[in-house]
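Here is how the chains run, residue by residue.
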Amino acid sequence: MVSHQKMGSQILRRVLGSPNSSRVFSSFNRPFSSSDFSSNMIRATLFPGDGIGPEIAESVKQCIDYAAVFRVAEVPIEWEEHYVGDQMDPRTQSFLTWESLESVRQNRVGLKGPMATPIGKGHRSLNLTLRKELNLYANVRPCYSLPGYKTRYDDVNLITIRENTEGEYSGLEHQVVRGVVESLKIITRQASLRVAEYAFHYAKTHGRERVSAIHKANIMQKTDGLFLKCCREVAEKYPEIVYEEVVIDNCCMMLVKNPALFDVLVMPNLYGDIISDLCAGLIGGLGLTPSCNIGEGGIALAEAVHGSAPDIAGKNLANPTALMLSAVTMLRHLELHDKADRIQNAILTTIAEGKYRTADLGGNSTTTDFTKAICDHL
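Everything numeric here is computed off the predicted structure, so don't read it as measured data.

What counts and what doesn't
Residues numbered from 1 in each chain as written. Predicted model: local features only at pLDDT ≥ 70, side-chain atom pairs only at ≥ 80, totals over all residues. Heavy atoms only, no water. Helix = DSSP H or I, 4+ residues; strand = E, 2+ residues; numbered from the N terminus. Buried < 20%, exposed > 50% of the residue type's maximum accessible area, 1.4 Å probe, protein only. Contact = heavy atoms within 4.5 Å. Areas by Shrake-Rupley, 256 points an atom, 1.4 Å probe, with all protein chains shown as cover. Expected span 1.5 Å × (residues − 1). Salt bridge = Lys/Arg side-chain N within 4 Å of Asp/Glu carboxyl O. Pairing = 2+ DSSP bridges. Axes fitted to C-alpha atoms, helices over the stretch in contact; angles between N-to-C directions. Patch = residues over 30% accessible without salt bridge, like charges linked within 9 Å, V, L, I, M, F, W, Y side chains within 5 Å. Phe/Tyr/Trp six-rings, centres within 6.5 Å; stacked < 30°, edge-to-face > 60°.

(A) Molecular detail of the overall build of the protein. Broken down by element type, the protein carries eleven helices and twelve strands. Taking all 378 residues of the protein together, the buried fraction comes to 53%. Excluding contacts between residues fewer than 6 apart, the proportion of contacts in the protein whose partners are at least 24 apart in sequence is 74%. Roughly 16300 Å² of accessible area belongs to the protein as shown, and the carbon and sulfur atoms make up 51% of that amount.

Okay, structure coming up:
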């Protein structure tokens, strides 16, 4: 058990970087200060989501509440829960209510479970609504090998940073004539500079050495060409960071052959959606991958990026790891690093020991048993 705890500590240090650097997912220019915590209570918005969402959200609440008792000085989380409605809200053009968005704007921090959007039903994607309405411009996903959980690769340690507000996901589609539809790809200088600046700042503050801009500018010369131009402009301000440009198809091949070639990857929206899921596959799947969306004004919305898995909903079989690790990123954003370290170490140690694992991790534990094992390690 000691060896597993040591492995957990080693992977934690590797991901967090040096003690002098900013922690994972601490967004820069964040307006929080210690005075915000004087009331000894932090309110965070929680979207349990659909399908298995409520079950894994309950696991997160158990672990965070359990960890909170260990240090009197730690600040507890007060969850403000919002659920997806059963009718479309005309103010958001989706099943997310305006009140739920206002909750995130006011609290400036939140956690989101999986949300299902019916395909081809004509209403706005729930995830797209959150990103657009809250201006969550950067999706940040760390991808690192977990100690004790064997995959094809043992040394994955990279970060994908995805522009989150435009590109092919701008939601601008229409029918030109019968049988012909058109979808517009929007790339702007403002959004490209913003996400590029975040990527380089992230690399610098976390001790990363390389930033790779992923593109298809050889074909989409105007749109991806503008994105690359903005990345080059920002790169000039960070001479200590190695900058490179990689065509997306070649990037996919290189990731599968040797993921150690990459450090921080920054890319437009669609490419980021594809590459981040590919990277998750390198370390065991979306069920092990945390994610956090960074917005202007200090907003951070952490989320599990896997699906809602309606086939196992309510059966106590879901793996809560991704949402738990995403909650850890939320705590780091709030600068509750000690609590975040405790929970992350407990998760990694539980997985490394192998006694309690859900079915997707090769075990037969229930969600409840897996959560209890993590809480016991706290």
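Moving on from the coordinates now.
(B) Structural detail: helix 9 (residues 321-333). For helix 9, spanning 13 residues, the distance from its first C-alpha to its last is 19 Å, which sits close to the expected 18 Å at 1.5 Å a residue. Burial of helix 9 is extensive: 13 of the 13 residues sit out of reach of the surface. E335 lies just past helix 9 and shows a positive phi near 65°.

(C) Up close: the pattern of salt bridges. The full count for this structure, using the stated rule, is 24 salt bridges. Note that R91 and E99 form a salt bridge whose closest N and O atoms lie 3.1 Å from each other. With relative accessibility at 45%, the residue R91 sits in the partly exposed group. For K185, the salt bridge is made with E168, and the minimal N-O distance between the two is 3.3 Å. Highlighted residues: K185 in the loop between strand 7 (180-183) and helix 5 (189-205) and E168 in the loop between strand 5 (157-163) and strand 6 (173-177), separated in sequence by 17 residues. Salt bridges sharing partners connect three or more residues here, namely R43, E78 and E80.

(D) Representation of the pairing of strand 1 (residues 42-47) in the model. Counting buried positions along strand 1 yields five of six residues, so the element is predominantly enclosed. As paired elements, strand 1 and strand 2 (residues 77-81) share five bridges and run parallel to each other. Bridge pairing links L46 to E81 in strand 2. Where strand 1 and strand 3 (residues 109-112) come together, three bridges link them in parallel fashion. Counterpart to T45 in the pairing with strand 3 is G110.

(E) Just the sheet that holds strand 4 (residues 136-144), in detail. With mixed pairing, the ten strands of this open sheet are ordered in space as 2-1-3-12-11-4-5-10-8-9. Edge strands, defined here as strands with exactly one partner in the open sheet, are strand 2 and strand 9 (242-247). Taken pair by pair, the neighbouring strands of this sheet meet at an average axis angle of 25°, ignoring direction. In terms of strand pairing, strand 8 (residues 210-215) meets strand 9 through six bridges, oriented parallel.

(F) Structural context of a nonpolar patch on the surface. A surface patch of nonpolar side chains, amounting to about 210 Å² of accessible area, comprises L172, L184 and I186. Its location among the elements puts I186 in the loop between strand 7 and helix 5. I186 sits in the partly exposed class, given a relative accessible area of 30%.

(G) Highlighting the packing of aromatic side chains. Tallying each qualifying case throughout the model produces four aromatic pairs. On the basis of an interplanar angle of 35° and a centroid distance of 6.2 Å, the ring pair of Y198 and Y202 is categorised as tilted. Placement of both Y198 and Y202 in helix 5 is noted, with a separation of four residues, approximately one turn of the helix. Of the two residues, Y198 and Y202, both sit in the buried class.

Any functional reading would require information that these geometric values do not contain.
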